[in-house]
Amino acid sequence: MKFTLRQLQVFLATAHHENISKAAESLSMSQSAASGALKELEALYDLKFFERAGKRLKLNELGRQFWPRAEALLAQARELEADLLSHRDLGRLNVGATLTIGNYLAVGIMADYMAEQPGARVHLEVANTRTIVERVLAFELDLGLIEGELNHPDLELLPWREDELVVFCSPDHALAGKEALTDQDLREAHWIVRESGSGTRQTFERGLHGLVPELDLALELEHTEAIKRAVEAGLGISCLSRVCLREAFRRGSLVELPVPHRDFSRDFYFVLHRQKYRSPGIERWLELCRAPVRQPIQ
């Protein structure tokens, strides 16, 4: 075997950063050592993986084809090293989850996973669907738990569980207690909504298809808890997952507004890169997610 794992590390870091200096810094190497390793890798096979434009190094077509295979090989090497160091599978995982899933479902799954494997290291990143998908595509996350639907040739989308959004308001709101909202009620209300790029916003707009341009979107917030507090304060009505509203409905601090003629159903999904090596840790995480649902953490 001509190439080294260090050369693959330099290649991958350069692909991520598009800059040899930043790649070297991320690997705690000198710039000259990183540049030399990349040149050696290309010279070994008389190939070029990057188009050089000033200080930026952009992957060419060959580099884009090589990237996922190098990523998968290095992931297996890291797993082997972890096993050799600890004499067991520590199940190191980088997991991404959207806000609804991360705040109300993923923490319980992570607790089960780490209880099974004492010493396991799990990093949970919580962001909107768009950000999670971008990081899975860049091999920065092992897998993502998302709310939104997508179609990308490099990604595999696996159905996980059903969910639904619920329109709600404060108990003192003028619409509270109505048996069913009409489209006119929806037009006249002040709305507090999630940001564009979130799975919740995607489902909200699909459920209110044909009506969205006429709605008064008074506030756009990135966090579900902030939206709930704003609705409790009487600033408007909103639409979020039932998963994150159960406790507030139980306490009576928020109340559901029925909209029977609109469909807010959706699915949660796993998203994985098709070229990503699926370690035993990834497979076990998927199994735990599919196990009987835990009570959501409030």
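Right above here is the structure, for reference.
The model shown is predicted, which means the values in this text are computed figures rather than measured ones.

A.B. asks: In this structure, what is going on with the nonpolar core? I would like to understand it.
C.D. replies: As a rule of thumb, soluble globular proteins bury nonpolar side chains together. Counting 36 residues, the largest nonpolar core has Ile-101, Leu-145, Trp-160, Phe-270 and Trp-285 as the members making the most contacts within it. When residues in this core are grouped by element, the largest group, seven residues, is from helix H5 (residues 99-116).

A.B. asks: Would you take a moment to explain the pairing of strand E3 (residues 93-97) for this structure?
C.D. replies: Two faces make up the sheet, and in a regular strand the side chains alternate between them. Judged by how many residues are buried, E3 sits mostly within the fold: four of five residues are covered. Both E3 and strand E4 (residues 122-126) contribute to a ladder of five bridges, which runs parallel. Bridging across to E4, Val-95 finds its partner in Leu-124. Sheet analysis places E3 next to strand E5 (residues 143-146), joined by three bridges and oriented parallel. If you follow Gly-96 over to E5, its bridge partner there is Gly-144.

A.B. asks: Can you walk me through the side chain of Lys-276 in this structure?
C.D. replies: Of note, Lys-276 is situated in the loop between strand E11 (265-273) and helix H11 (280-290). Side chain to side chain, Lys-276 and Asp-142 meet in a polar contact 3.0 Å long. Discounting residues that sit within four places of it in the chain, Lys-276 has contacts with Ala-75, Phe-139, Asp-142 and Ile-282.

A.B. asks: In this structure, what is going on with the packing of H5 against H11? I would like to understand it.
C.D. replies: When two helices pack together, their arrangement is given by the angle between the helix axes and the distance between those axes. At their nearest, the axes of H5 and H11 sit 10 Å apart, and the two run at 125° to each other. Judged on the interaxial angle alone, H11 and H5 are oblique. In this structure, the crossing between H5 and H11 has a hand that is right-handed. In this structure, H5 uses Ala-106, Ile-109, Met-110, Asp-112, Tyr-113 and Glu-116 to contact H11, whose residues at the interface are Gly-281, Arg-284, Trp-285, Leu-288 and Cys-289. Here the contact of H5 with H11 is built from residues that sort into seven nonpolar, one polar and three charged.

Reading guide: rules and limits
Residues numbered from 1 in each chain as written. Predicted model: local features only at pLDDT ≥ 70, side-chain atom pairs only at ≥ 80, totals over all residues. Heavy atoms only, no water. Core = buried A, V, L, I, M, F, W, Y, C linked by side-chain atoms within 4.5 Å. Buried < 20%, exposed > 50% of the residue type's maximum accessible area, 1.4 Å probe, protein only. Helix = DSSP H or I, 4+ residues; strand = E, 2+ residues; numbered from the N terminus. Pairing = 2+ DSSP bridges. Polar contact = N/O pair within 3.5 Å; in protein donor to acceptor, adjacent residues only side chain to side chain. Contact = heavy atoms within 4.5 Å. Axes fitted to C-alpha atoms, helices over the stretch in contact; angles between N-to-C directions. Parallel < 35°, antiparallel > 145°, perpendicular 65-115°, else oblique. Left-handed = near helix turned anticlockwise from the far one by under 90°. Nonpolar A, V, L, I, M, F, W, Y, C, P; charged D, E, K, R; others polar.

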